[in-house]
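Residue-level listing of the chains:
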Amino acid sequence: MTREQFISGVAFRVGFLTYKGANTFTYNAKDNYMLKQTRSSIDERVVCDDYCCNVSKVGRVWFVGFTHVMGTRVVVRYKFEDLVIFEEGV
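Residues numbered from 1 in each chain as written. Predicted model: local features only at pLDDT ≥ 70, side-chain atom pairs only at ≥ 80, totals over all residues. Heavy atoms only, no water.

Moving on: the overall build of the protein. Each helix and strand counted, the protein has 1 helix and 7 strands in total. Going residue by residue from the N terminus, the α and β elements of the protein occur as α-β-β-β-β-β-β-β. Against the globule reference of 12 Å for 90 residues, the protein gives a C-alpha radius of gyration of 13 Å, in line with a compact fold. Overall, the C-alpha framework of the protein stretches about 35 × 30 × 25 Å when taken along its three principal axes. Across the 90 residues of the protein, 31% fall into the buried class. Taking the intrachain contacts of the protein between residues at least 6 apart in sequence as the baseline, contacts between residues at least 24 apart amount to 27%. Each charge class in the protein was averaged separately, 12 positive and 10 negative side chains, and the resulting centres sit 7 Å apart. (Helix = DSSP H or I, 4+ residues; strand = E, 2+ residues; numbered from the N terminus. Rg over C-alpha atoms; globule rule 2.2 N^0.38 Å. Buried < 20%, exposed > 50% of the residue type's maximum accessible area, 1.4 Å probe, protein only. Contact = heavy atoms within 4.5 Å. Lys, Arg positive; Asp, Glu negative; His and termini not counted. Charge placed at Lys NZ, Arg CZ, Asp CG, Glu CD.)

A few words now on the pairing of strand β2 (residues 24–28). Counting buried positions along β2 yields 4 of 5 residues, so the element is predominantly enclosed. Between β2 and strand β3 (residues 33–39), which pair antiparallel and follow one another directly, the connecting turn spans 4 residues, one of which, Asn-32, has a positive phi of 60 degrees. (Pairing = 2+ DSSP bridges.)

Let's shift gears to the pattern of salt bridges. If you walk through the whole model with that rule in mind, you get 2 salt bridges. A salt bridge links Arg-45 to Asp-43, with the nearest nitrogen and oxygen atoms 3.5 Å apart. (Salt bridge = Lys/Arg side-chain N within 4 Å of Asp/Glu carboxyl O.)

What follows concerns the environment of Phe-12. Summarising the element assignment, Phe-12 is placed in strand β1 (residues 12–14). A relative accessible area of 2% places Phe-12 in the buried class. Apart from the residues within four sequence positions on either side, Phe-12 is in contact with Met-1, Phe-6, Thr-24, Phe-25, Thr-26, Met-34, Leu-83, Val-84, Ile-85 and Phe-86.

This is the structure:
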């Protein structure tokens, strides 16, 4: 995945989560957060859309996201090359 695809909101999976029914994610550039899409393991349709984390920085080759769990800030950082574009019906 490229930075431009990420910013435009293309659905993706994190590299190692590629089984049928795995969650997909999209970036909302307007409000600066990640959306998690829970998918059906039968036909991969979106079953539930849910907030995942805020995005604090979108760099040239990676992005940084964060959320709070039980009062503790949890930070994640992913390179765009580690994100796999989700393709419907494949």
